[in-house]
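Examination of the molecular architecture
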Amino acid sequence: MSKILELLKDYRTISIIGMAKNVGKTTVLNYILSKARGKYTLGLTSIGRDGEEYDQVAFFPKPRIYIAKGSYIATAKEALLNSDITKEIVATTGFDTPMGEIVIAKALSDGYVDLAGPSINSEMAKVCNLLLKLGCDKAIIDGALSRKTQASPSVSEATILATGAALSYDMEETIRKTAFTVKLLSIEAEKDKEILKLAQNILDNSRLGFIYKDKRYKTIELPTAIDSSKEIVVNLEGATHVIIKGVVSDKLIEDVMRGTDKYKGVVFLAEDSTKLFLQEETFLKFQKGGGILKVLKPANLVCVTINPVSSLNYQYDKKEFLERLKKEISIPVFDVMGGD
């Protein structure tokens, strides 16, 4: 069994996300599909559109997704028509996309498929559950351009991060950005059960809340927490935790730091690490100032894959890229084109 397949053996829902477009996500997916042939019945879907013959943004030729007979796909009706497998529609979902309703089809032959799945996490979770109920051993989600929401633990149990030369001409920059993304996705989870219970109560009822030293908690009614820095600043006195539902952005953290120094020692608690949309500079400045970032539910990043070749006609030294990235991060790194 391949090393990647071995890492994935205990997980039923798996997502593949990319640092950028053309970093090898589809190559990784095809590799997993080929190694799983005869071992698992797989279900496939996508957070966006994938599997098409040409990149829809840059129009570069790209690898297509090739599935085995007996596999299942959850895709929009229009994308299903673009797939060259013999198929049988086995379920409908009622989830609409610009390419039509998401339907689930069983492959009655080997062939290439075009995936265009749901873009909403709750719909994605339901699609994966349906694939599993239909008899799939594993449901695999293929990510779209720089999207990481499907790595949320509410959607997938395990995540693979693809990176490569397409991210930057400078290998050093690609390694640094990839290592930071791994750090952000692997951020520490809150372990205090009482805090977790209070935080969940807050999230069930509002988008912003505070837990204080005496375990009181307070909720703030807001349409979104994105621009909630003023509310955070005026409610920090005596707080141990700030609970934020939705995206934690650079602007939010920077505005809080500009507005007060009372964030020092306070835990800013996000739903999960896929909600942290932070640049390394902001993250480090917040930490250095005494701020703490944690999550309610940790994402499970199991490995990183590399593509040392860019579609813009430059490439990294494959061995150097692989070895240097391995030194920077603590999870396995693979070059699937080089044989896992």
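Figured I'd write up the structure that's included with this text. Counting of residues starts from 1 at the beginning of each chain's written sequence and follows it residue by residue. Totals for whole chains, interfaces and linings use every residue, but because this is a predicted model, local features are given only for residues with pLDDT of at least 70 and side-chain atom pairs only at 80 or more, for both listing and counting. In computing side-chain values, all of the structure's heavy atoms are included and hydrogens and water are not.

What follows concerns the sheet that holds strand β6 (residues 87–97). A pair of strands counts as paired when DSSP detects no fewer than two bridges linking them. By definition, any uninterrupted DSSP run of H or I lasting at least four residues is a helix, any uninterrupted run of E lasting at least two residues is a strand, and each is numbered from the N terminus. Read across the open sheet, the nine strands follow the order β6-β7-β5-β2-β10-β1-β11-β19-β20; overall the sheet is mixed. Pairing within the sheet leaves two strands with one partner each, and these edge strands are β6 and β20 (333–334). Sheet analysis places strand β11 (residues 158–164) next to strand β19 (residues 301–307), joined by six bridges and oriented parallel. Note on β19: the bridge partner recorded for Thr-163 is Ile-306. Sitting on the sheet, helix α2 (residues 25–36) is in contact with β1 (13–18), β2 (42–46), β10 (138–142), β11 and β19, with an inclination near 150° to β1. The strands touched by helix α10 (residues 318–328) within the sheet are β11, β19 and β20, with β19 carrying the most contacts at an inclination of about 155°. Residues are treated as being in contact if the distance between any of their heavy atoms lies within 4.5 Å. Angles shown run from 0 to 180 degrees and are taken between the N-to-C directions of axes, each axis being a line fitted to C-alpha atoms and, for helices, limited to the stretch in contact.

This next bit is on the pattern of salt bridges. What counts as a salt bridge is simple: a side-chain nitrogen of Lys or Arg found within 4 Å of a carboxyl oxygen of Asp or Glu. Overall, the coordinates contain 17 salt bridges when judged by the stated rule. Measuring nitrogen to oxygen at the nearest pair gives 3.8 Å for the salt bridge that ties Glu-188 to Lys-294. Of this pair, Glu-188 sits in the loop between α5 (171–185) and α6 (193–205) while Lys-294 is found in strand β18 (residues 292–297), placing the two residues 106 residues apart along the sequence. On the accessibility criterion, Glu-188 (42% relative accessible area) is partly exposed. Residues Arg-324 and Glu-320 are paired through a salt bridge, measuring 3.4 Å at the closest nitrogen-oxygen approach. Taken together, the positions of Arg-324 and Glu-320, both in helix α10 and four residues apart, correspond to about one turn of that helix. Exposure is judged per residue with a 1.4 Å probe applied to protein chains only, and the accessible area is read against the type maximum: over 50% gives exposed, under 20% gives buried, and values in between give partly exposed. You can call Arg-324 partly exposed: its relative accessible area is 26%. You can call Glu-320 partly exposed: its relative accessible area is 36%.

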